[in-house]
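Chains, contacts and geometry: an overview
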Amino acid sequence: MIVTLIVICEVGFWVLLAAGLATRYLLKMPRLGAGLLLLEPLLEVVLLVVTAIDLKNGAEPDFKHGLAALYIGYTVAYGHYTIKWIDGHVAHRFAGAPLPPKPPRYGVARAKHEGKLWLRTVLAAAVAVALLQIAIWYVGDASRTGSLSSSQFAALRAAGIHGLIALAYTIWPKKAPADSEPEREPVRVDR
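Residues numbered from 1 in each chain as written. Predicted model: local features only at pLDDT ≥ 70, side-chain atom pairs only at ≥ 80, totals over all residues. Heavy atoms only, no water.

A few words on the pattern of salt bridges. Overall, the coordinates contain 4 salt bridges when judged by the stated rule. A salt bridge links D87 to R24, with the shortest nitrogen-to-oxygen separation between them at 3.0 Å. One end of the pair, D87, is in helix α4 (residues 63–95); the other, R24, is in helix α1 (residues 2–26), with 63 residues separating them in the sequence. On the basis of relative accessibility, which here comes to 7%, the residue D87 falls in the buried class. (Salt bridge = Lys/Arg side-chain N within 4 Å of Asp/Glu carboxyl O. Helix = DSSP H or I, 4+ residues; strand = E, 2+ residues; numbered from the N terminus. Buried < 20%, exposed > 50% of the residue type's maximum accessible area, 1.4 Å probe, protein only.)

Right, here's the structure in full:
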């Protein structure tokens with residue numbers, strides 16, 4: 001049931017995103033579109049509540065509860081970022097806004113970009129680890145919570161691997177090809 005709910009939440013995320021952006025740009029109703037986009041976090045709240053109820057009703061803690069916490073952590077850290085990125089492209093396509101800048105590809109600017117993404121991954125891992133720790137305390141039986149602890153280590157491992165990748169961009173920055181034009185800092189367009 002939890003895995004099915006995770007899939008439903010993911011599909012719901014994209015359906016609400018499409019509906020919100022379509023309402024905002026195609027129907028020219030920006031407030032209603034923003035309201036639909038603001039419903040996105042409710043999906044994670046529903047997933048969190050259902051997972052807690054599942055544990056309360058005596059379900060054996062396993063990978064699906066860990067997956068729910070990892071999913072919630074990911075959407076907390078990357079949900080707004082994803083929505084903003086897609087909104088920028090839809091605004092360009094349907095509302096005449098400038099094309100959003102691409103992430104930098106070379107040098108220090110790329111290293112900074114990778115560092116910022118890594119911080120998002122650290123946030124995702126922190127949220128997941130905290131939710132899993134609360135679940136471990138809630139269950140209160142160390143013999144039954146091994147899968148939850150394993151999910152905590154998975155979150156920390158993902159943050160560590162991403163950190164090594166970001167560090168590699170800092171230590172060995174990718175150099176622009178000699179025949180390319182110099183890369184400029186991206187221009188921020190705030191809405």
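The discussion continues.
Here A18 shows up in helix α1. We classify A18 as partly exposed; its relative accessible area is 46%.

What follows deals with the packing of aromatic side chains. Throughout the structure, instances matching the rule amount to 3 aromatic pairs. With centroids separated by 5.1 Å and ring planes inclined at 90°, the aromatic side chains of F13 and W14 adopt a geometry described as edge-to-face. Judged by its relative accessible area of 8%, F13 falls in the buried class. Taken together, the ring pairs in this structure connect Y74, Y78 and Y81 into an aromatic cluster. The ring of F94 carries R93 above its face, with NZ or CZ at 5.3 Å from the centroid. (Phe/Tyr/Trp six-rings, centres within 6.5 Å; stacked < 30°, edge-to-face > 60°. Lys NZ or Arg CZ within 6 Å of the ring centre and 35° of its normal.)

Spatial relationships are all this shows, so hold off on functional conclusions.
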